[in-house]
Amino acid sequence: MTLCIFLSFCFSCVVHGQSAKSLSPDDSPINTLEQLLLASAPFRRQPSAAHTVRKHMQMMATVESESQPKVGIKDYTGRFGGTEKTEETGYGQLEKDSLEATSGKSATRWSIHSERVQGVAKELFGLIGGLDPYISSVSNADGPIMQAIKEKMDSTNWDALHEEGKTMFSYGPEMSTDPIEAQTIKMFTFMKNAQRVLEIGMFTGYGAAAIVEALPEGGELVSLDIDPYLKEWVGEVMSQFPDGKKHSVEVGPALDSLVKLPADKKFDFVFVDANKSEYRRYIEILLERGLLADGAMIAVDNTLYCGLPYMPEQYDSQPKRRGFGEDVKAFNEWLAGHPDLMTVMLPIRDGITLVRKGL
Ligand SMILES: C[S@@+](CC[C@H](N)C(=O)[O-])C[C@H]1O[C@@H](n2cnc3c(N)ncnc32)[C@H](O)[C@@H]1O
């Protein structure tokens, strides 16, 4: 199970760039691997937009935290479009040739060694590639606010917004929680019976919408994000729904916002998903300031960070991520050894670690 989810995640990273809610672009069922590849085409990563990050990197270098010296903390960089290579055509000759070469092969139908290898590879491809679409097809926890956010996110031209100087960073939909992760966060919110929730790192608010949809009457979600444009973007959608009133956004570097939150209003559930290099400080401030209710739960996103925490450097195909990978690794070890926190990591998408205050 774990291996399947892990392999599925890797496959998603390499092929999809983001999970798809629909079975195929036109919602027709997928019966063949050829259909699977075609269905995944719209979700594949666009050519790199990393060059657009640079001007705002300079600006962000001046953002200082009031609560912690910046030594050892890396500035947020926004989207990684694939730092060393640009994948111009995700679905091309290679995929066509591979499908043709393995046509009719299966893990059980072979007569020579090479056929057997091809058959096993094809079955693995189907098992991995078919997993996300299947899980999506039998999950239905996404509500109307989530759907509205996703629709707007998918139809927004993020590269253009960044070129026009509206967003602080270069963004892409792959930076959002995907439908399965967001629905999982929604279920966690229900399971915790959370009244007051904090999200650190909001982007388009897909995860925020999931949380809001699970909050009871009088419940409250506070999201922290550094980019003022996102507050406006998300607010426009939330304002269309009565439950949207449960949501508020604090703009600014999370390390600064965290020290300004009122200490007497404790959180039952926290979703951590901003600058990976600052994760440890986020948790430390929550503990130092007593912002967590007794038995509070924290869900921390991207704790597998594309596998970098356990894969050696020699396998890096995007070396610019390595620094964040090392920080996530150090964070995971710090968390696992913390005397007051109980921790379990789940292999969902890029890894979600559940943390409970109290052992
Ligand atoms: C991965 S996205 C969050 C995704 C979101 N949780 C969701 O459910 O889709 C990370 C967000 O963190 C924000 N961010 C990055 N560094 C930050 C910082 N130092 N303080 C506050 N927000 C930050 C970015 O602007 C971006 O919107």
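This one's a predicted model, so the numbers in the text were calculated from it and none came from an experiment. (Residues numbered from 1 in each chain as written. Predicted model: local features only at pLDDT ≥ 70, side-chain atom pairs only at ≥ 80, totals over all residues.)

Q: How do you make sense of the overall build of the chain when you look at a structure like this?
A: Per the secondary structure count, the chain includes 13 helices and seven strands. In the chain, which comprises 359 residues, the proportion classed as buried is 40%. Contacts in the chain between residues at least 24 apart in sequence constitute 74% of all its contacts with a sequence separation of at least 6. (Helix = DSSP H or I, 4+ residues; strand = E, 2+ residues; numbered from the N terminus. Buried ≥ 20, exposed ≤ 12 C-beta atoms within 10 Å, placed from the backbone. Contact = placed C-beta atoms within 7 Å.)

Q: Help me understand the nonpolar core, please; the structure alone is not making it clear to me.
A: What tends to happen in soluble globular proteins is that the nonpolar side chains get buried as a cluster. If you look at the biggest cluster of nonpolar residues, it comprises 67 residues, and the most contacted ones within it are Ile211, Val270, Tyr282 and Ile298. At seven residues, the largest contribution of residues to this core is made by helix α9 (residues 206–214). What Val270 contacts, discounting residues up to four positions off in sequence, is Leu198, Leu286, Ala296 and Ile298. (Core = buried A, V, L, I, M, F, W, Y, C linked by C-beta atoms within 7 Å.)

Q: Sorry, what's going on with the site of the ligand here?
A: Surveying the vicinity of the ligand reveals 21 residues, the closest of which are Tyr76, Gly201, Phe203, Gly207 and Ala254. Of the residues in the shell around the ligand, the class split is 11 nonpolar, five polar and five charged. (Near = placed C-beta within 6 Å. Nonpolar A, V, L, I, M, F, W, Y, C, P; charged D, E, K, R; others polar.)

Q: Before we go on, may I ask you to explain the sheet that holds strand β4 (residues 267–272) in this structure?
A: Through backbone hydrogen bonds, the strands of a sheet pair up, either in parallel or in antiparallel fashion. Taken together, the seven strands give an open sheet; going across it, the order is β3-β2-β1-β4-β5-β7-β6, and neighbouring strands pair in mixed fashion. Here the strands that pair on one side only, and so sit at the sheet edges, are β3 (247–251) and β6 (341–346). Within the sheet, the average angular offset between the axes of one strand and its neighbour, ignoring direction, is 15 degrees. In the sheet, strand β1 (residues 196–200) pairs with β4 via four bridges, with the strands oriented parallel. By the bridge assignment for β4, Val197 is matched with Phe269. Packed on one face of the sheet, helix α8 (residues 179–192) meets β1, β4, β5 (292–301) and β7 (352–357) and runs near 165 degrees to β4. (Pairing = 2+ DSSP bridges. Axes fitted to C-alpha atoms, helices over the stretch in contact; angles between N-to-C directions.)

Q: Would you explain the confidence of the model for the chain in this entry?
A: Predicted coordinates in regions of low pLDDT should not be interpreted in detail. With 77% of its residues at a pLDDT of at least 70, the chain reaches an overall mean of 82. pLDDT under 50 marks residues 1–71. Its contacts with residues more than four places away, or in other chains, come to 120 contacts. (pLDDT = per-residue confidence, 0-100.)

Q: What is the right way to look at helix α5 (residues 113–137) in this model?
A: When the terminal C-alpha atoms of α5 are compared, their 36 Å separation across 25 residues agrees well with the 36 Å that a helix rising 1.5 Å per residue should span. Of all the bends found along α5, the most pronounced is centred on Leu131 and spans about 40 degrees, while Pro133, a proline, follows it within four residues. Buried residues of α5: Gln118, Lys122, Ile128, Gly129, Asp132 and Pro133, and no others. (Expected span 1.5 Å × (residues − 1). Bend = angle between axes of the 7 residues up to and from the residue.)

Q: I tried to follow the pairing of β7 on my own but got confused; where do I start?
A: Where a strand is regular, its side chains alternate between the two sheet faces. Examined bridge by bridge, β5 and β7 share five bridges and lie antiparallel to one another. Within β7, the position partnered with Met297 by the bridge is Arg356. Pairing between β6 and β7: six bridges, direction antiparallel. Across the sheet, the residue bridging to Met342 is Arg356, located in β7. Hairpin remark: β6 followed by β7, antiparallel, with five residues in the connecting loop; positive phi at Arg349, about 50 degrees.

Q: Explanation requested: unusual backbone geometry in the structure shown.
A: Of all residues except glycine, most have a negative phi; of all peptide bonds, most are trans. Positive phi values are uncommon outside glycine, yet Phe203 reaches one of about 50 degrees. Residue position: Phe203 is located in the loop between β1 and α9. Assessed through the 24 C-beta atoms surrounding it within 10 Å, Phe203 is described here as buried. In the Ramachandran plot, Arg349 falls in the positive-phi region, its phi being about 50 degrees despite a non-glycine side chain.

Q: Sorry, what's going on with the packing of α8 against α9 here?
A: The angle between the axes and the distance between the axes are what describe a pair of packed helices. Closest axis-to-axis distance for the α8/α9 pair is 8 Å, and the angle between their directions is 30 degrees. One way to sum up the angle between α8 and α9 is to call them roughly parallel. Viewed along their axes, α8 and α9 form a crossing whose handedness is right-handed. Contact residues: Ala182, Gln183, Ile185, Lys186, Thr189 and Phe190 in α8; Tyr206, Gly207, Ala210, Ile211, Glu213 and Ala214 in α9. Grouping the amino acids of the contact of α8 with α9 by side-chain chemistry returns seven nonpolar, three polar and two charged. (Parallel < 35°, antiparallel > 145°, perpendicular 65-115°, else oblique. Left-handed = near helix turned anticlockwise from the far one by under 90°.)

Q: Honestly, the environment of Met345 in this entry has me stumped. Any pointers?
A: Checked against the element boundaries, Met345 lands in strand β6. By the C-beta count within 10 Å, which is 17 here, Met345 ends up partly exposed. The sequence separation of Met345 and Asn332 amounts to 13 residues, and the corresponding C-alpha distance is 9.0 Å. Other than its neighbours up to four places away in sequence, Met345 contacts Thr303, Gly351 and Thr353.

Q: Can you help me understand the pairing of β1 in this one?
A: The buried fraction of β1 is high, at five of five residues. Covered by surrounding structure in β1 are Arg196, Leu198 and Ile200 together with Val197 and Glu199, the residues of both alternating faces. Bridging between β1 and strand β2 (residues 220–225) involves five bridges; their strand directions are parallel. Paired with Val197 across the two strands is Leu221, which belongs to β2. Handedness of the β-α-β unit built from β1, α9 and β2 comes out right-handed. (Right-handed = clockwise from strand over helix to strand, strands pointing away.)

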